[in-house]
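Close look at the chain arrangement
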Amino acid sequence: MQQLEFNISEGGGERQTLFCDVLLPVPVPKLFTYRVPFDLNDTLLPGCRVVVQFGKKKILTGIVAEVHDRIPEAYDARLLLEQLDEQPIVQPVQLKLFQWMADYYMCTPGEVLNVALPTGLKLSSQSQVQLHPDFSYRTTEHTFNEKEKLLLDSLQQNQSMSYADVEALLGQKTLYQLFKNLLAKEAILLFEQVQEKYKPKTVRKVRLQEGLVQDRNSLEALFKALESHPKQSDVLLKYLREVPVLQHPERNASGLTKAELVDAQISPSSVRTLVKNGVLEEFEETVPRFWIPDGDSSIDIRLTEDQQKARQQILEHFEDKDTVLLHGITGSGKTELYISLIREALDNGVQVLYLLPEIALTTQIVGRLKKIFGGQMGVYHSRFSDNERVEVWQGVLNGSFPLVVGVRSSIFLPFHNLGLIIVDEEHETSYKQYDPAPRYHARDTALVLSKMHGGKTLLGSATPSVESYYQAENDKYGLVELTKRYADAQLPLIELADTRVAQKHKTMKAMFTQQLVEALKNVVERREQAIVFQNRRGYAPYINCEECSWIPKCVNCAVSLTYHMQANELRCHYCGLKEYVPTACPACGSHKIKTVGYGTEKLEESLRLLVPEATVERMDLDTTRRKNSFQTLFDSFGEGKIDILVGTQMVSKGLDFEGVTLVGIFDADRMLHYPDFRSHERTYQLVTQVAGRAGRSKKPGKVIIQTSNLEQPILERIIQSDYGGVYRNEIRERREYFYPPFSRLIRLVVRHSEKDLAEAAAKELAARLQHKLGKERVLGPEEPLVGRIRGLYLMHITIKLERQGIDMQGVKQFIAAQSQELVSQKDYKKVEVVPDVDPY
Ligand SMILES: [Zn+2]
Ligand SMILES: [Zn+2]
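Described in the following lines is the structure provided in the data block. (Residues numbered from 1 in each chain as written. Chains lettered and ligands numbered in written order. Predicted model: local features only at pLDDT ≥ 70, side-chain atom pairs only at ≥ 80, totals over all residues. Heavy atoms only, no water.)

1. Some points on the sheet that holds strand S27 (residues 578-580)
For clarity, the cut-off: Strands are treated as partners if at least two bridges between them are detected by DSSP. Comment: elements are numbered from the N terminus, with helices defined as DSSP H or I runs of at least four residues and strands as E runs of at least two. As a rule, the C-alpha atoms of each element are fitted with a line to give its axis, helices using only the stretch in contact, and angles between N-to-C directions run from 0 to 180 degrees.
Strand order in the open sheet formed by three strands is S25-S26-S27, with antiparallel pairing between adjacent strands. Either end of the sheet is taken by a strand with one partner, and the two such strands are strand S25 (562-564) and S27. Each adjacent strand pair in this sheet contributes to an overall mean axis angle of 35°, direction not counted. Here S25 pairs with strand S26 (residues 569-571) via three bridges, running antiparallel. Looking at the pairing, His-564 lines up with Glu-569 of S26.

Here's what the structure looks like:
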């Protein structure tokens, strides 16, 4: 045990030895205890970031969870190296949430922290190697082996090298022994380079030399001197016009940006000359990344009578319930309700979080909120740069953003007084994180977070998830319904188009029915707009040799490669692999290779031929990859420059344009036949969302759904927009087959690069689990629809558990322990078991 100092008197004062438990962003289930240097005794607070050594060579940033005086018994505590923040950047309630998520979603708090903190708040740690300053081959008495020499030679050319560089140079991962030997021979030094990743944004500015501002005479003398240099005096004149220092000398300090000074007449080089001559001086200023003008609190949100009533009901429910479900049909004006509730919450001095499934798809809502809440509102978004995320984090911390609008990761922001959370489109699957851990559902986590703050949660949707509606029906949530469209706009008329009959009569053109083509032609003639939906991107899902039926497949995944025409390549949508399109079949040499199936790219091409008078554009992942490309498409559609927009589910929300009077759903069958217990619920939600784009104004809207089987009851419910019918049917089936909301599911994905091993391991794990949990609770193992992804074979085990009368945490610990035991067996060493709680 190491010697510790306790309460040593020093000139009357007493020093106490303190320890702190640190949460580190590593997948280890516990916290680590470090000793607090005496000089930090008074300043170290829970929630502050600290720098610590972890293992032999890693330097990590962690968050202090607790400061205490309990000596750890199992190991000698190391001193922590540095305290990074004077004030906590993580709130106590966040630490509580991280722990809850780790327990519930079967991961470690470190994994939660790793996802929660923006990268800019983590430190990069890189151990660096350099030559010992006294080292020379001529004077050293030691001998060196080949690898050592290789490294030393390389270090003589480079100032320093990182671990990664050395790894690459020597082609080996274990460097510890090598470094140890070289250190002993006094040939190298190791040092740690830790740097903050977050960089404030600065702009380069110029201002007049202070001496010239003070003294009018020297300024006049300067103008005289510049008479023969008209370009430079132009710069000076413009500066004085923009910054009238003669009247307001104090305004010189903030100067002008170079961009403001340079124009058609004034070149950057004239500015540079004046700087060189000491007339102007350059300086840098830190600017916020978000410049949002103050909101206009006078904007009047007028609620209709129905909305007023709904608002009143929500507030009444909040008196005795924490959660309210707002079921409002598309176009019923849920956003106005949200705005009025947000305003009221902010007036009451609490923080508000408005969750959206995906910001890019909801540009219009964010734009509206910005106009009203302006600078009070932070936007947190996965497409933002990391520096932007750090600024939102700090804005929430220091109170400048009492309102945050964001995607699922905004539940990690450092709120301390969260009074209201709105989860818009609560049924959306993008609230669930698939990879990496924590595999959390943001809606469900929001409910827990809200409870921790003593706040309220409003879930909103036109097509609530079966789970949420069930809670509302059973009085766990308050239920409020809005059944009329805003301003009396009518719900669109929904028609089915029978592809089986059309095929029999050979009236199909490129898989479009006459019915849909005629409707599209009519829309274009009336100068209205249409959306065609197909949830499959690329040109064709696969290509096929007509002679021998060869189909190109991905080498890493068990899927066929999708043909992309514009890029002229085959792509794997699971791992991103790209391949050339073969001109001849590699199996039989035939040139008869045809495309099979219909992706958005092919639909776009077909529509240009079928409706030549229309301007057709496409909106999917492939056409919106570049920054701003989504916005450009969105704007052109809004301005009526596009007649027909073809797209994936990207077109299903946010496109609230008056011109849209027709929505075509190209292939409903594929969605309905997807093998998942939620496939009917999903189809209903997706079709209703897409259909909701039509007829949002006075003009009536129409929806045409292409299907080969008109008899499916779900289609009738879609036509009638019979949510209740869908819900009752789903709830009956789920009760019968014991699916959520009646049970809880945990899925274990067992994976390995060899199929036999993955299968054997999954079998053994399932048997172990069945032994205690019983056969009816542990299902599988079975191969999923796509049985191999990125070179790993997958097996699924599904665990179905009762919601009541079961020690859920105990069961999770049992599952984790069994998985751990399995992979610690020699045979299964490289097998991975990934738990997914409440899988989607
Ligand atoms: Zn062939
Ligand atoms: Zn692949």
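2. Topic: the coordination of the zinc ion (ligand 2)
Rules: The donor set covers N, O and S atoms within 2.8 Å of the metal, switching to 3.2 Å for Na, K and Ca, and it leaves out water, so a site may look short of donors. Working rule for geometry: tetrahedral if four donors all subtend angles between 85 and 135 degrees; square planar for four, octahedral for six, if opposite donors exceed 155 degrees and the others stay between 65 and 115; irregular in every other situation. Throughout, exposure labels follow a simple rule: accessible area from a 1.4 Å probe, protein chains only, divided by the maximum for the residue type, with under 20% read as buried, over 50% as exposed, and the rest as partly exposed.
Note on the zinc ion (ligand 2): its protein donors are Cys-554 (SG), Cys-557 (SG), Cys-572 (SG) and Cys-575 (SG). The metal-donor distances range over 2.2 to 2.4 Å. Here the zinc ion (ligand 2) binds four donor atoms, and the angle range of 105 to 112° at the metal identifies the geometry as tetrahedral. Between consecutive donor residues of the zinc ion (ligand 2), the sequence gaps follow C-x2-C-x14-C-x2-C. In this pair, the class of Cys-572 matches that of Cys-575, namely buried.

3. Observations regarding the sheet that holds strand S21 (residues 478-482)
Sheet strands associate in pairs through backbone hydrogen bonding, adopting either a parallel or an antiparallel arrangement. Strand order across the open sheet formed by seven strands is S17-S18-S16-S19-S20-S15-S21, with parallel pairing between neighbours. Edge positions in the sheet fall to strand S17 (377-380) and S21, since each of these pairs with one other strand and no more. Neighbouring strand axes in the sheet, compared pairwise and without regard to direction, differ in orientation by 15° on average. Sheet topology places strand S15 (residues 323-328) next to strand S20 (residues 456-461); five bridges connect them, and they run parallel. In the strand pairing of S20, Leu-325 is matched with Leu-459.

4. What about helix H14 (residues 386-397)?
Owing to its 3.6 residues per turn, the α-helix brings residues three or four apart onto one side. Using the following cut-off: What a helix should span is 1.5 Å times the count of its residues minus one. Note on contacts: a residue pair is in contact if any heavy atoms of the two residues lie within 4.5 Å.
Between its terminal C-alpha atoms H14 stretches 17 Å, which fits the 16 Å expected from twelve residues at 1.5 Å a residue. Among the residues of H14, those classed as buried are Glu-388, Arg-389, Val-390, Glu-391, Val-392, Trp-393, Gly-395 and Val-396. For H14, the secondary structure elements touched by its buried residues are helix H1 (92-104), helix H2 (109-116), strand S16 (351-355), S17 and strand S18 (403-406). Two residues or fewer after H14 comes Gly-399, characterised by a positive phi angle close to 90°.

5. A short note on the packing of aromatic side chains
Convention followed: Two aromatic rings from Phe, Tyr or Trp, using only the six-membered ring of Trp, form a pair when their centres are within 6.5 Å; if the ring planes differ by under 30 degrees the pair is stacked, by over 60 it is edge-to-face, and anything between is tilted. Criterion for a charge above a ring: Arg CZ or Lys NZ at most 6 Å from the ring centre, at most 35 degrees from the ring normal.
Evaluation of the coordinates by the stated rule reveals 22 aromatic pairs. With centroids separated by 6.2 Å and ring planes inclined at 50°, the aromatic side chains of Tyr-684 and Tyr-723 adopt a geometry described as tilted. Taken together, the positions of Tyr-684 in helix H22 (residues 679-691) and Tyr-723 in helix H24 (residues 723-737) put the pair 39 residues apart, joining distant regions of the chain. For Tyr-684, a relative accessible area of 3% translates into the label buried. Looking at Tyr-723, the relative accessible area reads 8%, which means it is buried. Put simply, the rings of Tyr-469, Tyr-684, Tyr-723 and Tyr-727 pair up and form one aromatic cluster. For the cation-ring pair, Arg-389 lies above Tyr-380, with the distance from its terminal atom to the ring centre recorded as 5.0 Å.

6. Some thoughts on helix H13 (residues 363-373)
Just so we agree on the cut-off: To be clear, the arc concerns the directions from the helix axis to the C-beta atoms.
Among the residues making up H13, those that are buried are Ile-365, Val-366, Leu-369, Ile-372 and Phe-373. Axial view of H13: buried residues confined to an arc of 125°, hence all on one face. Just downstream of H13, Gly-374 is the residue with a positive phi angle, here 45°.

7. Quick look at the coordination of the zinc ion (ligand 1)
Octahedral six-donor coordination of a metal ideally yields angles of 90 or 180 degrees, compared with 109.5 degrees for tetrahedral four-donor coordination. With distances of 2.3 to 2.4 Å, the protein atoms coordinating the zinc ion (ligand 1) are Cys-545 (SG), Cys-548 (SG), Cys-585 (SG) and Cys-588 (SG). Here the zinc ion (ligand 1) binds four donor atoms, and the angle range of 106 to 114° at the metal identifies the geometry as tetrahedral. The motif formed by the donor residues of the zinc ion (ligand 1), counted along the single chain, is C-x2-C-x36-C-x2-C. Residue class for Cys-545 comes out buried when judged on its relative accessible area of 2%. With relative accessibility at 34%, the residue Cys-548 sits in the partly exposed group.

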